[in-house]
Structures are given as C-alpha cells and as structure tokens.
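Survey of secondary and tertiary structure
In case you want the letters, here they are:
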Amino acid sequence: QVQLVESGGGLVQPGGSLRLSCVASGFTFSSYAISWYRQAPGKERELVAAISGTGGTTNYGDSVKGRFTISRDNAKNTVWLQMNSLKPEDTAVYSCNLRRSRMYWGQGTQVTVSS
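Summary of the structure given here. Within any chain, residue numbers begin from 1 and follow the written order of that chain's sequence. Residues qualify for local features only when their pLDDT is at least 70, as the model is predicted, and side-chain atom pairs are given and counted only at 80 or more; totals for whole chains, interfaces and linings, by contrast, use all residues. As a convention, hydrogens and water are excluded, and side-chain values are obtained from all of the structure's heavy atoms.

So, the nonpolar core
Within soluble globular proteins, side chains that are nonpolar tend to cluster in buried spots. The test is simple: Buried Ala, Val, Leu, Ile, Met, Phe, Trp, Tyr and Cys residues that are joined via side-chain atoms within 4.5 Å together make up what is termed a nonpolar core. Only protein chains enter the accessibility calculation, which uses a 1.4 Å probe; a residue whose area is less than 20% of its type maximum is buried, one above 50% is exposed, and one in between is partly exposed. Put simply, DSSP marks the helices as runs of H or I at least four residues long and the strands as runs of E at least two long, and each gets a number from the N terminus on. Contact criterion: two residues are considered in contact whenever any of their non-hydrogen atoms come within 4.5 Å of each other.
With 29 residues, the main nonpolar core has W36, L81, M83 and Y94 as its most contacted residues. Elements with a contribution of two residues or more to this core: strand 3 (18-25), strand 4 (34-39), strand 5 (46-51), strand 7 (68-73), strand 8 (78-83), strand 9 (92-99) and strand 11 (109-113). Not counting residues up to four positions away in its chain, the partners in contact with L81 are L18, R19, L20, W36, V48, A49, F68, T69, I70 and Y94.

Below you can see the structure in the form of structure tokens.
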C-alpha cells in the first residue's frame, strides 16, 4: 500500500534552515509527481512546492519562491524540501502528497519558526 513518511521538522529561529524528507513506498515512485503542502492553524492548506517524476520540473508557491528548494532521488524513493531564510509565517504542519486515482498524504511534520 502507498505510504508517505515525513521527517525533519522542528523548532528553528527566524532566518534559520530546515530540510524535510518524504520517504515513499508502495508505488512506482519515479512515475509520479510529489508535492509538499502546509497548513497553519486556522488557515487553509497551501501548496508549497511540487516536483515531477523525473525531477526535471518544479513549481513553488509564491510565498516560498527563492527560499525553498524541492528535490528528489528516485533511487531512494525520497523527496526533500530544503527551507532557508525561514520566517514565523512558515510555521505549519508540512505534509507530502501523491495524486493518483486519489490523494495520498503523509502524517505530516511540524515546523515552528520562532525566537
């Protein structure tokens, strides 16, 4: 069965960096785009970044462009989200997402940006 497992969240000061990981299993990883979403308390879920199956195409939400980088290693069934210059407004639960016949989500990882 499809599984997406995120890790790497935590507490970081403004201006700091974190790298999130999403390890996938249960499907042909290289055939599918993977996305990172985030949801802060009281706010709607927001697309952060997405990457194509080959890794050749990436897209970013306007609020993270120039600060976050999405990448993948198909040999490791892993997608990463490198987050730099973090701001308090980046605080949220970050989840990776697979869209096939339905949407699949990981359990999420909490990122808190605070001094």
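A short note on unusual backbone geometry
Trans peptide bonds make up the majority, and among non-glycine residues the majority have a negative phi. Although it is not a glycine, N77 adopts a positive phi angle of roughly 50°. In this fold, N77 is placed in the loop between strand 7 and strand 8. For S85, which is not glycine, the phi torsion reads 50° and is therefore positive. For S85, the position within the fold is in the loop between strand 8 and strand 9.

What about the state of the cysteines?
This is how the line gets drawn: Disulfides are defined as cysteine sulfur pairs within 2.5 Å.
Here the structure, examined in full by the defined rule, presents one disulfide. The disulfide bridge from C22 ends at C96, spanning 2.1 Å between sulfur atoms. The disulfide joining C22 to C96 has a torsion of about 70° about its S-S bond and is therefore right-handed. With C22 in strand 3 and C96 in strand 9, this residue pair connects regions lying 74 residues apart in the sequence. You'll find C22 and C96 in the same group, each marked buried.

Notes on the environment of T57
Along the chain, T57 falls in the loop between strand 5 and strand 6 (58-60). Taking the C-alpha atoms as reference points, T57 and S71, 14 residues apart in sequence, are found 9.8 Å from one another. Dropping the residues within four chain positions of it, T57 is found in contact with A50, I51 and S52.

Comments concerning the pattern of salt bridges
To be explicit about the condition: Whenever a carboxyl oxygen of Asp or Glu lies within 4 Å of a side-chain nitrogen of Lys or Arg, that contact is scored as a salt bridge.
For the structure shown, the criterion picks out four salt bridges. The salt bridge involving R38 is made with E46; its shortest N-O contact spans 2.8 Å. We classify R38 as buried; its relative accessible area is 6%. Between D90 and R38 there is a salt bridge whose closest N-O contact spans 2.9 Å. Linking D90 in the loop between strand 8 and strand 9 with R38 in strand 4, this pair joins segments that are 52 residues apart in sequence. Both residues of the pair, D90 and R38, belong to the buried class. When salt bridges that share partners are traced, they join R38, E46, R67 and D90 into one network.

Comments concerning the pairing of strand 8
Just so we agree on the cut-off: Two strands are counted as paired when DSSP detects at least two bridges linking them.
A large share of strand 8 lies buried, amounting to five of its six residues. Alignment of strand 3 against strand 8, held across six bridges, turns out to be antiparallel. The residue bridging C22 from the neighbouring strand is V79, located in strand 8. Bridge analysis of strand 7 against strand 8 gives six bridges, and the strand direction is antiparallel. In the strand pairing of strand 8, S71 is matched with W80. The hairpin turn running from strand 7 into strand 8, its antiparallel successor, is four residues long, and N77 in that turn takes a positive phi close to 50°.

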